[in-house]
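# Structure assessment
Residues per chain, in single letters:
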Amino acid sequence: MIKFFEKIGSVTRLLFETLYYIFRGDVEFKSVVNQMVALGVKSIPLVLVISGFTGMVFSLQVAGQLERFGAASLIGQLLSIAIIRELGPVLTGVVVAGRAGSAIAAELGTMKITEQVDALRALATSPVQYLIAPRFVACVIMVPVLTIFSNIIGMFGGYLVAVNQVGVIPKVFYESSINFLRPYDLCCSLLKAAVFGIIIVIAGCVSGLKTHRGAQGVGDSTIAAVVNGMIGIFVVNYFLSALMW
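To keep things clear, this report deals only with the structure shown in the data block. These numbers were taken from a predicted model, which means no experiment stands behind them.

The rules we used
- Residues numbered from 1 in each chain as written.
- Predicted model: local features only at pLDDT ≥ 70, side-chain atom pairs only at ≥ 80, totals over all residues.
- Heavy atoms only, no water.
- Phe/Tyr/Trp six-rings, centres within 6.5 Å; stacked < 30°, edge-to-face > 60°.
- Buried < 20%, exposed > 50% of the residue type's maximum accessible area, 1.4 Å probe, protein only.
- Salt bridge = Lys/Arg side-chain N within 4 Å of Asp/Glu carboxyl O.
- Helix = DSSP H or I, 4+ residues; strand = E, 2+ residues; numbered from the N terminus.

### Here we look at the packing of aromatic side chains
Under the criterion given, the structure shown has four aromatic pairs. Seen from their ring centres, Tyr20 and Tyr21 are 5.3 Å apart, and the 70° between their planes marks the pair as edge-to-face. By relative accessible area, which is 12% here, Tyr21 ends up buried. When the centroid spacing of 5.3 Å and the interplanar angle of 75° are considered together, the rings of Tyr238 and Phe239 count as edge-to-face. There is no split in this pair, since Tyr238 and Phe239 are both exposed.

### Notes on the pattern of salt bridges
When the charged atoms of two side chains with opposite charge come close together, those side chains can pair. As enumerated under the stated definition, the model contains six salt bridges in all. A salt bridge links Arg24 to Asp26; the nearest nitrogen and oxygen atoms lie 2.7 Å apart. Residue classification places Asp26 among the partly exposed positions, given a relative accessible area of 23%. Across the pair Glu86 and Lys192 runs a salt bridge, and its minimum N-O distance is 2.9 Å. Linking Glu86 in helix α4 (residues 75–113) with Lys192 in helix α8 (residues 183–209), this pair joins segments that are 106 residues apart in sequence. The class for Lys192 is buried, based on a relative accessible area of 0%. One salt-bridge network, held together by shared partners, links Arg85, Arg182 and Asp185.

Honestly, it's all geometry; don't read function into it.
In structure tokens:
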């Protein structure tokens, strides 16, 4: 129990210290842009592939069930709910946790065991300000942006299957999906993604800064960052969904 509350305390302290530097404006803009490219832009191809085929599979599976009841025209409606509310932000969070979360933990872990983090402290530079705050800002910005791409390509993949394989009229699919969506759903989807971005960067940074035992410790920290990030995403997703809808 003591170790558990120690972890909660360290995570909370790290989060508030990061927010302190961000709200003070003590974050280097160039570092934020570099992290946005490394953590976000380079994740776009993976997000598009996973989201596109997920939308296609979902549309294919749902179509088989709805056709039995003569309600294949509702595919667009169900797909829009599933993609915008859940699959888009969750899949994006999982992809970023696997790719960016592991990269953050590995990079910070390597800096920790090579004493670069201690060198920053010796130079009167806060590791939180120099290393964590730029990654925090980049993840909070880029995960919602990636979620937008995920939502679009997921809907497009489902559209292709519904129209070409199931035979749904394009206009019917478009109207059933667009008319049922609300701006509230889109805003909640992006809010979820921002929260997932916070979970990913905190999990990666905490695991990286606690690295020890050399190269093996870097591997352990990378695994811990990915596992903790994904668990946090799925747990928080339930509470956010229950609160929003």
